[in-house]
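Chains, contacts and geometry: an overview
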Amino acid sequence: MATHLKSKSFQKNLLFSVGGIFLLFAVSFSIYQYHREKEFKIDILHSRLQMYNYEMMQTLGREGVLDEQAFSRYVANHHIEGLRVTVVAEDGHVLRDSSEPDVDKLENHRERKEIATAFRDGEGYDIKRMSASMHKTYFYSATRFGDIVVRAAVPYSVELTHSLQADNAYIYFALTLTLLLGLVLYYNTSRIGKHIEYLREFAMKAEKGEELDHELERNMPDDELGDISHTVIVLYWKLRHAEGDKVRLKRQLTQNAAHELKTPAASIHGYLESILENPDMPADKMHHFLERCYAQSERMSKLLLDMATLTKLDESARSEGNIGGRVVASVDVIELIHSVLDEVALDLERLGISPVLCLPERVTVRGDRSILYSIFRNIIDNCISYAVGATRISITCAECEDDGSAKFSHSGYFYEFTISDNGPGVDVEHLPHLFERFYRVDKGRSRKAGGTGLGLAIVKNAVAVHGGKVYAETTPGGGLSIRFTLERSV
């Protein structure tokens, strides 16, 4: 099913969402800051008038404040333009007022906001309230002193209104900062949008199966998103080519297996056909044909067994404590090598090949014994089959350390084994391919020798599942050497 990619702009969504949140924050902060600064200026004015009230009481005292002449003289000597001072009793009756000598004309002040607050909390103020007697708008600040309240008031003039207003400079600063951040946000979201759009186009091309090799040549922005985009493309490219290589290798393996099985199957068919068509065939000749059928069936069985072994090794996933589902243990390699040599002793004696061992007294490695056995057996069988004219097989072992490339190393310490012969060897150009499946240096020699072409491929996979490495090289003086590493048992 085709994937339908939505055409929504990721850049716009990101820009508007992040930008909207920041703009909302900036507006909310500006409103908060405006009221906070305004309250701060009001508190300053209130404190100044409170200070005036305290200074009057400290200078005149309660009796002086209630004395008309002392009260009027103090207000006159401490003149503030438009200042009005009022003394109110606890019952709300006005005792003194600097602007109205006849206090009996004034209304009761007990319910005035600043007076009520002062009697309750000790001080209070009211902003922009019309005076009933003076018909002017005042800012009132009242202070309680025992059973009286002294209230100072200044006209709420244009100048005072201006001084109490919050400074708008920070608003302009906030707007400028918002604009700059908006530009930066637009630039960055634009870059992100380009990356997203590019990956979107890449996904559409990949879904349609278009050729994408040229995408690797496109210049990516030099940032983290550019690296991610490039990595995604490279991984897709590698995966696609790996799938192609996998299909090609599988086809090649199938063809090689069919080719290898065809020869013994044809031979068996031919021999059996001859026996069936010639019922009067001499017994010795029929026996010979049956022996040849048996030999070819043995070859087919070995080939199928080797292919099954390779499949199991390919599917083996080594994890902590096991290899392909098998329990890992310490394996005595000295005993294992002697066991292999005992089994091939007749072949070695027949070919005049002498085994030469140069091994420590004790060699133990981590792994599965049967798989480790197949490593040494296949290498030695390879020497017996193909080292024509060899007189010696040397097996050596030396300690070495992990170079950091081993995937499954527990101890970090390895043994390096070398199995070499003094036969004719192989040309250098064949060395990198010796561990490939069905690879033959001599196309006809392997079949004559009875080999399946899978022995060294099994060695490679068996060493790999044990976390080691295997190499092929020419033996100094002639011959072939197989070197491989296995992890030492702790």
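Residues numbered from 1 in each chain as written. Predicted model: local features only at pLDDT ≥ 70, side-chain atom pairs only at ≥ 80, totals over all residues. Heavy atoms only, no water.

1. So, the pairing of strand β5 (residues 148-155)
Rules: Only protein chains enter the accessibility calculation, which uses a 1.4 Å probe; a residue is then buried when its area is under 20% of its type maximum, exposed when over 50%, and partly exposed in between. Here a helix means four or more residues in a row that DSSP labels H or I, a strand means two or more in a row labelled E, and each is numbered from the N terminus. The pairing criterion for strands is at least two bridges between them, as found by DSSP.
Most of β5 is tucked away, with seven of its eight residues classed as buried. The sheet contact formed by strand β1 (residues 84-89) and β5 spans six bridges and is antiparallel. Note on β5: the bridge partner recorded for V85 is A152. In terms of strand pairing, strand β4 (residues 137-145) meets β5 through eight bridges, oriented antiparallel. The residue of β5 that forms the bridge with Y140 is A153. Hairpin connection of β4 to β5: two residues between the antiparallel strands, including G146 at a positive phi of 70°.

2. A few points about helix α2 (residues 68-77)
Here is the rule we go by: Arc definition: directions from the helix axis to the C-beta atoms. Definition of a polar contact: a pair of N or O atoms within 3.5 Å, with one able to donate and the other able to accept a hydrogen when the atoms are protein atoms, and with sequence-neighbouring residues admitted only if both atoms are side-chain atoms.
When α2 is considered as a whole, its buried residues turn out to be A70, F71, Y74 and V75. Viewed end-on, α2 has its buried residues packed into an arc of 130°, placing them on one side of the element. Exposed side of α2, more than 90 degrees from the buried face: Q69, A76 and N77 are the residues found there. Among the residues of α2, the N-terminal cap falls to D67, whose side-chain oxygen and the backbone nitrogen of Q69 are separated by 3.4 Å.

3. Quick notes on the pattern of salt bridges
What counts here: Only one rule defines a salt bridge in this text: a Lys or Arg side-chain nitrogen within 4 Å of an Asp or Glu carboxyl oxygen.
Following the criterion strictly, the structure yields 13 salt bridges and no others. Across the pair R120 and D121 runs a salt bridge whose closest N-O atoms are separated by 3.1 Å. Across the pair, exposure class does not vary: R120 and D121 are exposed alike. A salt bridge links D381 to R377, with the shortest nitrogen-to-oxygen separation between them at 3.0 Å. With a gap of four residues between them, D381 and R377 both fall in helix α10 (residues 369-386), about one helical turn apart. Through salt bridges with shared partners, a single network forms among E343, R377 and D381.

4. Regarding a nonpolar patch on the surface
Short version of the rule: The residues that make up patches have over 30% relative accessible area and no salt bridge, and they are joined within 9 Å when like-charged or within 5 Å when they are Val, Leu, Ile, Met, Phe, Trp or Tyr. Using a 1.4 Å probe, accessible areas were evaluated by the Shrake-Rupley method; residue-level cover was limited to the displayed protein chains.
A grouping of L23, V27 and I31 is seen on the molecular surface, where their side chains present a nonpolar patch of about 260 Å² in accessible area. Relative to the helices and strands, V27 is located in helix α1 (residues 10-66).

5. A look at the pairing of strand β12 (residues 413-421)
Counting buried positions over the nine residues of β12 gives seven, a clear majority of the element. The pairing of strand β11 (residues 392-401) with β12 spans nine bridges and is antiparallel. Its bridge partner lying in β12, A398 is registered against E416.

6. Topic: the sheet that holds strand β9 (residues 354-358)
Worth spelling out the cut-off: Here, axes are lines fitted to C-alpha atoms. For helices the fit covers the stretch in contact, and angles between N-to-C directions go from 0 to 180 degrees. Only heavy atoms enter the contact rule, under which two residues are in contact if any of them lie within 4.5 Å.
Ordered by their spatial adjacency, five strands build an open sheet running β9-β11-β12-β14-β13, and the pairing between neighbours is mixed. Strands with a single pairing partner mark the edges of an open sheet, and in this sheet they are β9 and β13 (470-474). When the angles between neighbouring strand axes are averaged without regard to direction, this sheet yields 20°. Two elements, β13 and strand β14 (residues 480-487), share five bridges in a ladder whose sense is antiparallel. When the sheet's bridge partners are listed, T474 is paired in β14 with L480. Along the sheet, helix α8 (residues 333-343) contacts β9, β11 and β12; its crossing angle with β9, the most-contacted strand, is approximately 175°.

7. Focus on the state of the cysteines
Test applied: The term disulfide is used for any two cysteine sulfur atoms that are within 2.5 Å.
Counted under the stated rule, the structure contains zero disulfides. Cysteine C397 shares no disulfide, and the gap to the nearest cysteine sulfur, in C400, comes to 8.6 Å.

8. Section: α8
Three or more residues of α8 are buried, namely V333, I334, L336, I337, V340 and L341. The buried residues of α8 occupy one face: seen down the axis, they fall within an arc of 165°. Capping of α8 at its N-terminal end is provided by D332; its side-chain oxygen lies 3.1 Å from the backbone amide nitrogen of I334.

9. Overview of the side chain of D368
Note that D368 resides in the loop between β10 (364-367) and α10. The exposure class assigned to D368 is buried, which follows from its relative accessible area of 11%. At a separation of 3.1 Å, a polar atom in the side chain of D368 contacts the main-chain amide nitrogen of I371.

10. Describing the environment of E343
Within the secondary structure layout, E343 lies in helix α8. A polar contact of 2.5 Å, which involves the side chain of E343, links it to the side chain of Y373. One polar contact links E343 to R377, side chain to side chain, over a distance of 2.8 Å.

11. Some details on the packing of α8 against α10
The line we're drawing: An angle below 35 degrees is treated as roughly parallel, one above 145 as roughly antiparallel, one from 65 to 115 as roughly perpendicular, and anything else as oblique. Two helices crossing with the near one rotated counterclockwise from the far one by less than a right angle form a left-handed crossing, whereas a clockwise rotation gives a right-handed crossing. Three categories are distinguished: nonpolar for Ala, Val, Leu, Ile, Met, Phe, Trp, Tyr, Cys and Pro, charged for Asp, Glu, Lys and Arg, and polar for the others, with Gly belonging to the last.
At a closest axis distance of 10 Å, the pairing of α8 and α10 adopts a crossing angle of 50°. It follows that α8 is oblique to α10 by the angle criterion. Here α8 and α10 pass one another in a crossing that is right-handed. Facing V333, E335, L336, I337, S339, V340, L341 and E343 of α8, the residues of α10 in contact are R369, L372, Y373, F376, R377 and I380. Each residue belonging to the contact of α8 with α10 can be placed in one class, and the counts come to nine nonpolar, one polar and four charged.

12. Observations concerning the packing of aromatic side chains
The line we're drawing: Between the rings of Phe, Tyr and Trp (Trp by its six-membered ring), a pair exists once the centres lie within 6.5 Å; its type follows the angle of the planes, with under 30 degrees stacked, over 60 edge-to-face, and the other angles tilted. Definition used: whenever NZ (Lys) or CZ (Arg) falls within 6 Å of the ring centre and also within 35 degrees of the ring normal, the charge is taken to sit over that ring.
This structure, assessed with the given rule, holds eight aromatic pairs. Taking the centre distance of 5.4 Å and the plane angle of 75° together, the rings of F376 and F484 count as edge-to-face. Here the residue F376 occupies a position in helix α10, and F484 occupies one in strand β14, the gap between them amounting to 108 residues. According to the relative accessible area criterion, F484 is buried, its value standing at 0%. On the numbers, 6.2 Å between centres and 55° between planes, the contact of Y415 with F417 is tilted. Of the residues examined, F417 reaches a relative accessible area of 0% and is grouped as buried. The ring centre of Y415 lies 5.5 Å from the NZ or CZ of R488, which sits over that ring.

13. Topic: the packing of α10 against helix α12 (residues 455-465)
Across the interface, α10 lies against α12 with an axial gap of 9 Å and an inter-helix angle of 150°. Seen from above, α10 lies across α12 with left-handed handedness. From α10, I371, S374, I375, N378, I379 and N382 reach across to α12, where they touch G455, L456, I458, V459, A462 and V463. Looking at the contact of α10 with α12 residue by residue, the classes come out as eight nonpolar, four polar and no charged.

Read these as spatial facts, not as claims about activity.
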